[in-house]
Amino acid sequence: MSALSLAKTAVLSVLCVVVALFVLGMVSGAAGWIGPWLGLADAGQPRLAWDLAWTILGGVAAIAFAARHAPVAPYVHGAVVWAVIAAASAYAAWDLGSDFPFWFVVVLLVSLPVQAAGIWLGARCRPR
């Protein structure tokens with residue numbers, strides 16, 4: 001493999017992970033736009049559950065995106081995005097745990113293995 005080809009693969013790998021994290025933000029942001037249309041208040045338990053569900057969905061979408069669009073090693077790219085999400089979730093549980101209800105923190109952490117299913121989903125949907 002030439003040096004240019006290796007550099008291209010490295011740049012595409014980094015770009016894939018960065019865009020995957022933007023996907024997470026876009027899906028989570030969609031919840032903020034759709035919630036008021038459905039009559040959810042800006043605060044309260046139902047809105048918190050709504051936002052958490054979309055955050056989990058965004059995690060699955062981001063991980064699947066990274067695995068689907070990785071130039072090489074789709075499982076590694078998906079695992080990297082999952083690790084970033086897991087680290088952010090653990091930090092949020094540690095730092096913000098007392099600011100949110102207990103159920104929110106538990107569901108956030110328990111959802112991590114579910115979000116890892118995005119690795120399989122993205123790798124399975126790769127073009128042949």
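Our subject is the structure that appears above.
Scoring rules and cut-offs
- Within each chain, residue numbers correspond to sequence positions counted from 1 in written order.
- Residues qualify for local features only when their pLDDT is at least 70, as the model is predicted, and side-chain atom pairs are given and counted only at 80 or more; totals for whole chains, interfaces and linings, by contrast, use all residues.
- Think of the side-chain values as coming from all heavy atoms in the structure, minus any hydrogens and water.
- Segments assigned H or I by DSSP are reported as helices when at least four residues long, segments assigned E as strands when at least two residues long, and all are numbered from the N terminus.
- Buried residues are those whose accessible area, probed at 1.4 Å on protein chains only, stays under 20% of the maximum for their type, while exposed residues exceed 50% and partly exposed ones sit between those limits.
- Here a residue-residue contact requires only that any non-hydrogen atoms of the pair lie within 4.5 Å.
- Here the accessible surface of atoms and residues is derived via Shrake-Rupley with a 1.4 Å probe, and residues count as covered only by protein chains that are part of the display.
- Aromatic pairs are defined between Phe, Tyr and Trp rings, using the six-membered ring for Trp, whenever the two ring centres lie within 6.5 Å; interplanar angles under 30 degrees are classed as stacked, those over 60 as edge-to-face, and all others as tilted.
- When a carboxyl oxygen of Asp or Glu is within 4 Å of a side-chain nitrogen of Lys or Arg, the pair counts as a salt bridge.
- Take the number of residues in a helix, subtract one, and multiply by 1.5 Å to get its expected span.

A. Structural context of the overall build of the protein chain. When helices and strands are counted, the protein chain shows five helices and zero strands. Sequence-ordered secondary structure for the protein chain, helices as α and strands as β, is α-α-α-α-α. Summarising its shape, the C-alpha atoms of the protein chain cover approximately 55 × 30 × 20 Å along the three principal directions. Looking at the protein chain as a whole, 33% of its 128 residues are labelled buried. For the protein chain, the share of sequence-separated contacts (at least 6 apart) that also reach a separation of at least 24 residues comes to 71%. Element-wise, carbon and sulfur atoms account for 76% of the exposed surface of the protein chain, whose accessible area totals about 7,700 Å².

B. Quick look at the packing of aromatic side chains. Under the definition given, this model contains three aromatic pairs. Measuring from centroid to centroid gives 5.6 Å for Trp 50 and Trp 54, while their planes differ by 45 degrees, and the two rings are tilted. On the criterion of helical spacing, the pair formed by Trp 50 and Trp 54 is a turn pair, its members being four residues apart in helix H2 (residues 45-69). Seen from their ring centres, Trp 103 and Phe 104 are 6.1 Å apart, and the 75 degrees between their planes marks the pair as edge-to-face. Through a chain of ring-to-ring contacts, three or more aromatic side chains come together here, namely Phe 100, Trp 103 and Phe 104.

C. Examining the pattern of salt bridges more closely. Under the definition given, this model contains one salt bridge. The residue Asp 51 makes a salt bridge to Arg 47 at a minimum N-O spacing of 3.3 Å. With a gap of four residues between them, Asp 51 and Arg 47 both fall in helix H2, about one helical turn apart. You can call Asp 51 partly exposed: its relative accessible area is 26%. With a relative accessible area of 9%, Arg 47 lands in the buried category.

D. How the structure looks around helix H4 (residues 102-115). Compared with the 20 Å implied by 1.5 Å per residue over 14 residues, the 20 Å span of H4 between its first and last C-alpha is a close match. All of the buried residues along H4 are Phe 104, Val 105, Leu 108, Ser 111, Leu 112 and Gln 115. Taken together, the buried residues of H4 touch H2, helix H3 (74-96) and helix H5 (117-124).

E. Structural detail: helix H1 (residues 3-37). Its 35 residues place the ends of H1 51 Å apart at the C-alpha level, agreeing with the 51 Å of an ideal helix rising 1.5 Å per residue. Regarding H1, the residues found buried are Thr 9, Ser 13, Cys 16, Val 17, Ala 20, Val 23, Leu 24, Val 27, Ala 31 and Gly 35. Those residues of H1 that are buried are in contact with H2 and H3. Phi turns positive, to about 90 degrees, at Gly 39, one or two residues after H1.

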